[in-house]
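Structure assessment
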Amino acid sequence: MLSALAQAPSRYRYGVLAFVCALSMITYLDRVCFGSAQSSIIADLGLTSEADMKWAFTAFAFAYAAFEVPSGWLGDVFGPRRTLIRIVLWWSLFTAITGIVGLKVAGYEILGGLRIGGYQILTVVGIMVGVRFLFGMGEAGAYPNITRALHNWFPFTQRGMGQGAVWMSGRLMGGLTPLVWLALVEYGGFSWRHAFWTFGVLGIGWCIAFSSWFRNQPHEKASVNEAELQLIRAGRSDTEAAHSKVPWKRLLASRNLWALCLMYFCAAYGWYFNITYLHRFLEQQHGIDPKSVIGAIYKGGPLWLGAIACLTGGVLTDLFIKRSGNRKWGRRIFGMVGHSLCALFYFACLFTKGSAFLFFLAISLAAFCNDLTMGAAWAVCQDIGKRYAAIVAGCMNTIGNLGGAVAGYVTGTILERYLDNFAAAKGVEPDQLSGAEKATALLPGFEVNFLVFGLVYVVAVFLWLQIDPTKPIEPDTESPAAGMAH
């Protein structure tokens, strides 16, 4: 029998990467499709405008944020296998239920609100908000547990690449979702409801395949040879489960972690526009036909370019560290450069009035620059979290998605104010305005939001200066040589 040194390492870690990349794609399909369905939902449920959707967008992001840390803790304690299966089954159920809200069957409206004694206690919008909250609760923890799985299965030298590939896959699917929606709904004969039911079933299929193949640790997979095990474990001793003794005091007192979390709040604040209001903005402000292939490309452009950036940034941060031996600046530099350029492109959106192409270019380049930072940001979670990588990632993603929740509410509120003021000046109610009048009223509100997005990214640049991936939450469990070399 060949010794471990003479063996070529098996490659089962790439099978793990394939599974979590597929999962990342499903998460984005299920969340971005709500933006694609926005116009259909507004028409079907009798809403006034996209401003009425702010609570549904906010509810998802808030629930997603609130349950990140608990789900990350479950993954660190019980392993990512069991936790991910629970997560995916839950959110797939509520993806399907989204398609039932307000459905009329034999004259009866399912999940259409609640009336008691002739009074409307809960509207159909309220039901949709509740369902999106429960959907967000289910999706919470997906990426922290993916991070934990990669931490268990990948060596130092491939952390940025692994995280970059995961985020590339998600962003790519998010970019493709408008085209998938176009094929299914606009040309395939599906209703928006049928599409949500179909996407729910897809997640269940992933769970079945994942549960039969994946194991929490490489040594639990019989086909993994000793050479691959040694490659994964080189220079580390933190491969065991975290159990229940989580150093919460250290976590809460870590300025490093707080800087990471606040940076991610800023990064998510502007980025969430791409999966919430963007589709409707292009249709209303630039006259994009919902059935247009070019329109679908414009709607998905920020996520397509983001997909390229996620992998590129992940590979570059690993390469920089490998060549320079400087992990601190190997993470920081890509964050600072990416968010600086992102801010500039959001400001550029203010000068694209009347040109759908120029706006598409500016918003897509902003997303590209933002996503150059993703591999570095999530690799930092492993760098400073180590055996508590899922919890640290959960903390970062919690605060980040709170940024998305705040953005969903604030963006919608700004739009609502401009719409109300325009209608008041004409002496009518907002729902009495024509489509063209609504577009005119909302445009300056969108411009204010783009300005805010850019300013928030400027703050993110300064926060990167406070992030140090060489300072773990707990005393280092990796060899000094490994920390320097990787």
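Look a little higher up for the structure.
Below you will find a few notes about this structure. If you're wondering where the values come from, they're calculated on a predicted model, not measured in any experiment. Each chain carries its own residue numbering, running from 1 in the direction its sequence is written. Since the coordinates come from a predicted model, pLDDT governs what is reported: local features require at least 70, and pairs of side-chain atoms require 80 or more to be given and counted, while whole-chain, interface and lining totals use all residues. The side-chain quantities take in all heavy atoms of the structure and omit both hydrogens and water.

Notes on the overall build of the protein
Inclusion rule: Helix numbers and strand numbers start at the N terminus; a helix is a DSSP run of H or I with at least 4 residues, a strand a run of E with at least 2. Within these notes, the globule rule equals 2.2 Å times the number of residues to the 0.38 power, and the radius of gyration is based on C-alpha atoms. Under the convention used here, a 1.4 Å probe and the Shrake-Rupley method define accessible areas, while residue burial counts only the protein chains that appear. As used throughout, the charge tally considers Lys and Arg to be positive and Asp and Glu to be negative, leaving His and the chain termini uncounted. Think of each charge as sitting on NZ of Lys, CZ of Arg, CG of Asp or CD of Glu.
Along the backbone of the protein there are 20 helices and four strands. Taking 486 residues into account, the globule formula puts the C-alpha radius of gyration at 23 Å, and the protein, at 23 Å, falls close to it. Across its three principal directions, the C-alpha atoms of the protein cover 80 × 50 × 45 Å. Roughly 18700 Å² of accessible area belongs to the protein as shown, and the carbon and sulfur atoms make up 67% of that amount. Once the 38 positive and 29 negative side-chain charges of the protein are each reduced to a mean point, those two points are 7 Å apart.

Some points on the environment of Leu433
Selection criterion: Classification of residues uses two cut-offs on accessible area relative to the type maximum, computed with a 1.4 Å probe and protein chains only: under 20% is buried, over 50% is exposed, and between them is partly exposed.
Looking at the secondary structure, you find Leu433 in the loop between helix 18 (389–426) and helix 19 (435–464). Take Leu433: its relative accessible area is 6%, and that puts it in the buried class.

Remarks on the packing of aromatic side chains
Under the convention used in this document: For this analysis, a ring pair means two rings from Phe, Tyr or Trp (six-membered ring only for Trp) whose centres lie within 6.5 Å, classed as stacked if their planes differ by under 30 degrees, edge-to-face if by over 60, and tilted for the remaining angles.
Using the criterion set out here, one finds 39 aromatic pairs in the structure. On the numbers, 6.4 Å between centres and 85° between planes, the contact of Tyr28 with Trp167 is edge-to-face. Residue Tyr28 is found in helix 1 (residues 12–36), and its partner Trp167 is found in helix 8 (residues 159–186); the two are separated by 139 residues along the sequence. Considered together, Tyr28 and Trp167 belong to a single accessibility category, that of buried residues. Pairing Trp153 with Phe214 gives two aromatic rings, centres 6.5 Å apart and planes at 40°, and the pair type is tilted. On the criterion of sequence distance, the pair formed by Trp153 in helix 7 (residues 142–153) and Phe214 in the loop between helix 9 (192–213) and helix 10 (226–233) is long-range, its members being 61 residues apart.

Section: the packing of helix 13 (residues 278–285) against helix 14 (residues 293–324)
Keep this limit in mind: To get an axis, a line is fitted to the C-alpha atoms, and for a helix only the part in contact is used. The angle between two axes follows their N-to-C directions and goes from 0 to 180 degrees. Handedness of a helix crossing follows the sense of rotation of the near helix relative to the far helix, less than a right angle counterclockwise being left-handed and clockwise being right-handed. For this analysis, residues touch if any pair of their heavy atoms sits within 4.5 Å. Polar here means any residue outside two lists: the nonpolar Ala, Val, Leu, Ile, Met, Phe, Trp, Tyr, Cys and Pro, and the charged Asp, Glu, Lys and Arg; Gly therefore counts as polar.
The geometry of helix 13 relative to helix 14 is characterised by a closest axis approach of 9 Å and an angle of 145° between their N-to-C directions. The way helix 13 lies across helix 14 gives a crossing that is right-handed. Note on element contacts: helix 14 touches helix 13 through Tyr298, Lys299 and Pro302, opposite Leu278, His279, Leu282 and Glu283. The residue makeup of the contact of helix 13 with helix 14, split by class, is four nonpolar, one polar and two charged.

A short note on a nonpolar patch on the surface
The following threshold applies: To count toward a patch, a residue needs a relative accessible area over 30% and no salt bridge; like charges are then connected within 9 Å, while nonpolar side chains (Val, Leu, Ile, Met, Phe, Trp, Tyr) are connected within 5 Å. Each reported salt bridge corresponds to a side-chain nitrogen of Lys or Arg within 4 Å of a carboxyl oxygen of Asp or Glu.
On the surface, a nonpolar cluster with roughly 760 Å² of combined accessible area is contributed by Phe320, Trp329, Ile333, Val337, Leu341, Leu344, Val458, Phe462 and Leu465. Of all the secondary-structure elements, those providing two or more residues to the nonpolar patch are helix 15 (327–348) and helix 19. Here the nonpolar patch takes five residues from helix 15, the largest share from any one element. Residue placement: Val458 occurs in helix 19.

With respect to the side chain of Ser169
Counted only if it meets this: In the analysis that follows, any N or O atom pair within 3.5 Å is treated as a polar contact, provided that within protein one partner can donate a hydrogen and the other can accept it, and provided that, for residues neighboring in sequence, both atoms belong to side chains.
With respect to the helices and strands, the residue Ser169 is situated in helix 8. Separated by 2.8 Å, the side chain of Ser169 and the backbone oxygen of Ala165 make a polar contact. Apart from the residues lying within four places of it in its own chain, the contact partners of Ser169 are Cys21, Ser24 and Met25.

Thoughts on the pattern of salt bridges
Charged atoms that come close allow side chains of opposite charge to pair. Within this structure, the stated rule accounts for 12 salt bridges. Across the pair Glu228 and Arg13 runs a salt bridge, and its minimum N-O distance is 3.0 Å. In this pair, Glu228 is assigned in helix 10 and Arg13 in helix 1, connecting sequence segments 215 residues apart. Judged by relative accessible area, which is 0%, Glu228 ranks as buried. Asp76 is the partner of Arg148 in a salt bridge, and the nearest nitrogen-oxygen pair spans 3.2 Å. Of this pair, Arg148 sits in helix 7 while Asp76 sits in helix 4 (residues 68–78), and the two are 72 residues apart along the sequence. With respect to burial, Arg148 and Asp76 carry one shared label: buried. Linked through salt bridges whose partners overlap, the residues forming this network are Asp318, Arg327, Arg331 and Asp383.

Considerations on the packing of helix 15 against helix 16 (residues 356–371)
Test applied: Our angle categories are set so that under 35 degrees counts as roughly parallel, over 145 as roughly antiparallel, 65 to 115 as roughly perpendicular, and the remainder as oblique.
Across the interface, helix 15 lies against helix 16 with an axial gap of 8 Å and an inter-helix angle of 165°. If you check the angle between helix 15 and helix 16, you find them roughly antiparallel. The two elements helix 15 and helix 16 cross, and the hand of that crossing is left-handed. Here Gly338, His339, Leu341, Cys342, Phe345, Tyr346 and Ala348 of helix 15 come into contact with helix 16, specifically with Ala362, Ile363, Leu365, Ala366, Cys369 and Asn370. Of the residues that constitute the contact of helix 15 with helix 16, the class distribution is 10 nonpolar, three polar and no charged.

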